[in-house]
Amino acid sequence: MNESISLVSKNIMFGGEQSVYQHRSNACDCDMQFGIYLPPQIVNGSASSAPVLFWLSGLTCSEQNFVTKAGAQRVAAELGVIIVAPDTSPRGEQVPDDTDAAYDFGLGAGFYVDATEAPWSANYKMYSYIVDELPKLIAANFAIDSERMGIFGHSMGGHGALTIHLKNPQLFKSVSAFAPIVAPSQVPWGEKALGNYLGNDKSQWANYDACELVKASPSDALLLVEQGGADDFLENQLKPELLTEACKQSGQGLQLNMREGYDHSYYFMASFIEEHIRHHCDQLSAKN
């Protein structure tokens, strides 16, 4: 693996550093960017390492949405936690996109799967990128505690966070999600994405469906899920009740917070991001 990274931007924030880096991804066969916040404890050397949280963004987003809108850096600085925010898909002129330039498939919509269908399979390997390549790259370049890694995300990224944790509970030991797509096999966003990336064999879709995964192999972590009651996508795309039922069947720990009046936007996430970061720190401390 190429472990070299190049700095795109760096800003001082709450005594720490909010940076964006670019690197060549072997998994996605293109250049990728990620944002990373290093808390002051790492920047000033008072801590030799820090726990790290990986944030997965939703449809149409890049690393910039979380970096500029989530308001996570203040509490990350206080708690001494590193936050990594990768892009949501491969990018570049050679990377295929939806022929209709639809927002919910192709560029900006990698769905955190390893595509098996042409032409997507050449680049759309976001599962391998998040699970294997990116953590190793971060560990090679920054002072992370690899025994204390968590994952969280929003919408499509919430789907990614839940499925990646459930398939890798010893790697990403804590998990949370905002307005996640919990059952992509049963909703339009997921049916389009999984059908195109993975083909028509729906048995393969179950590998990337949080409800199916939790029924097959629950983890010992507490799933923290935040959902806005005024979310326009709640009934047709998100369906948190399906995750509630799957967790009941399997005995999976779940804390689902329904937040009346909140929508699908980063205003919602910024309102509760501190609670999620503290959840991760508590969970990772308990497992350490």
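First things first, this report covers the structure right here in the doc. Bear in mind that the values here come from a model prediction, so they are computed numbers and not experimental data.

## So, the overall build of the protein chain
Thinking step 1. For the protein chain, the helix and strand inventory stands at eleven helices and nine strands.
Thinking step 2. A compact globule built from 288 residues should have a C-alpha radius of gyration of about 19 Å, and the protein chain, at 18 Å, falls within 12% of that.
Thinking step 3. When each of the 288 residues of the protein chain is scored for burial, the buried share is 57%.
Thinking step 4. For the protein chain, contacts bridging at least 24 residues in sequence account for 72% of all contacts bridging at least 6.
Thinking step 5. Accessible surface, the protein chain as shown: approximately 11,200 Å² in total, 45% of it carbon and sulfur.

## Here's the deal with the packing of aromatic side chains
Thinking step 1. Evaluation of the coordinates by the stated rule reveals 18 aromatic pairs.
Thinking step 2. Taking 5.8 Å as the distance between ring centres and 45° as the angle between the ring planes, the aromatic pair formed by Tyr262 and Phe268 counts as tilted.
Thinking step 3. Relative accessible area serves as the criterion here: at 31%, Tyr262 is assigned to the partly exposed category.
Thinking step 4. Pairwise contacts between aromatic rings join Trp55, Phe66, Phe152, Phe178, Tyr262, Phe268 and Phe272 into one cluster.
Thinking step 5. The residue whose ring lies beneath Lys167 is Tyr208, and the NZ or CZ to ring-centre distance is 4.2 Å.

## What about the pattern of salt bridges?
Thinking step 1. A complete count under the given rule lists 14 salt bridges for this structure.
Thinking step 2. The residue Arg24 makes a salt bridge to Asp31 at a minimum N-O spacing of 3.6 Å.
Thinking step 3. What makes Asp31 partly exposed here is its relative accessible area of 38%.

## Let's talk about the environment of Leu256
Thinking step 1. Topologically, Leu256 is positioned in strand S9 (residues 254-259).
Thinking step 2. Note: C-alpha distance between Leu256 and Gln227 (29 residues apart in sequence) is 7.4 Å.

## Digging into the side chain of Ser19
Thinking step 1. Its location among the elements puts Ser19 in strand S2 (residues 16-25).
Thinking step 2. Among the residues examined, Ser19 registers a relative accessible area of 3% and is labelled buried.

## Some details on helix H5 (residues 156-167)
Thinking step 1. Over its twelve residues, H5 extends 17 Å from the first C-alpha to the last, a length consistent with the 16 Å expected when each residue adds 1.5 Å.
Thinking step 2. The element H5 is largely enclosed, with a buried count of eleven among its twelve residues.
Thinking step 3. Restricting attention to buried positions, one finds in H5 the residues Met156, Gly157, Gly158, His159, Gly160, Ala161, Leu162, Thr163, Ile164, His165 and Leu166.

## Describing empty space enclosed by the protein
Thinking step 1. Enumeration over the complete set of coordinates arrives at one cavity of 30 Å³ or more.
Thinking step 2. As a volume, the largest cavity reaches approximately 40 Å³.
Thinking step 3. Together, Gln18, Gly35, Tyr37, Phe66, Val67, Ala72, Gln73, Ile83, Val84 and Ala85 line the largest cavity.
Thinking step 4. Counting residues per element, the ones that place at least two in the lining of the largest cavity are strand S3 (30-38), helix H2 (63-69) and strand S5 (82-86).
Thinking step 5. Broken down by element, the residue count for the lining of the largest cavity peaks at three residues, all from S5.
Thinking step 6. Split by residue class, the lining of the largest cavity holds seven nonpolar, three polar and no charged.

## As for the sheet that holds S2
Thinking step 1. Strand order in the open sheet formed by nine strands is S1-S2-S3-S5-S4-S6-S7-S8-S9, and the pairing between neighbours is mixed. Every interior strand has two partners, whereas the edge strands, strand S1 (6-13) and S9, have only one. Here the average twist between neighbouring strands, direction ignored, is 20°.
Thinking step 2. Direction of pairing for strand S6 (residues 144-154) relative to strand S7 (residues 174-178): parallel, over a ladder of five bridges. Within the sheet, the bridge partner assigned to Gly150 lies in S7 and is Ser174.

## Notes on the layout of surface pockets
Thinking step 1. When its volume is computed, the largest pocket comes out at roughly 270 Å³.
Thinking step 2. Residue lining of the largest pocket: 16 residues in total, with Leu59, Cys61, His154, His264 and Tyr266 positioned closest to the centre.
Thinking step 3. Of all the secondary-structure elements, those providing two or more residues to the lining of the largest pocket are H2 and helix H11 (266-287).
Thinking step 4. No other element matches the three residues that H11 contributes to the lining of the largest pocket.
Thinking step 5. For the lining of the largest pocket, the residue count by class is eight nonpolar, seven polar and one charged.

## Looking at the environment of Asn236
Thinking step 1. Counting through the fold element by element, Asn236 comes out in helix H9 (residues 234-238).
Thinking step 2. Sequence separation between Asn236 and Gln33 is 203 residues; the distance between their C-alpha atoms is 32 Å.
Thinking step 3. Apart from residues no more than four positions distant in its own chain, Asn236 is found in contact with Val187 and Pro188.

## Observations regarding the pairing of S5
Thinking step 1. Within S5, five of the five residues are buried, which leaves it mostly tucked inside the rest of the structure.
Thinking step 2. Neither face of S5 is left uncovered, since the one carrying Ile82, Val84 and Pro86 and the one carrying Ile83 and Ala85 both have all their residues buried.
Thinking step 3. Pairing of S3 with S5 involves four bridges; the strand directions are antiparallel. When the sheet's bridge partners are listed, Tyr37 is paired in S5 with Ile83.
Thinking step 4. Note that strand S4 (residues 50-56) and S5 share three bridges and pair parallel. Pairing of Val52 across the sheet is with Ile82, part of S5.

Reading the values: the criteria
- Residues numbered from 1 in each chain as written.
- Predicted model: local features only at pLDDT ≥ 70, side-chain atom pairs only at ≥ 80, totals over all residues.
- Heavy atoms only, no water.
- Helix = DSSP H or I, 4+ residues; strand = E, 2+ residues; numbered from the N terminus.
- Rg over C-alpha atoms; globule rule 2.2 N^0.38 Å.
- Buried < 20%, exposed > 50% of the residue type's maximum accessible area, 1.4 Å probe, protein only.
- Contact = heavy atoms within 4.5 Å.
- Areas by Shrake-Rupley, 256 points an atom, 1.4 Å probe, with all protein chains shown as cover.
- Phe/Tyr/Trp six-rings, centres within 6.5 Å; stacked < 30°, edge-to-face > 60°.
- Lys NZ or Arg CZ within 6 Å of the ring centre and 35° of its normal.
- Salt bridge = Lys/Arg side-chain N within 4 Å of Asp/Glu carboxyl O.
- Expected span 1.5 Å × (residues − 1).
- 1 Å grid on protein atoms, 1.4 Å probe; cavity = no way out; pocket = protein on both sides within 12 Å on 5 of 7 lines; lining within 4 Å.
- Points joined across faces, edges and corners; volume = space filled by probe spheres on them.
- Nonpolar A, V, L, I, M, F, W, Y, C, P; charged D, E, K, R; others polar.
- Pairing = 2+ DSSP bridges.
- Axes fitted to C-alpha atoms, helices over the stretch in contact; angles between N-to-C directions.

Structural measurements only, silent on function.
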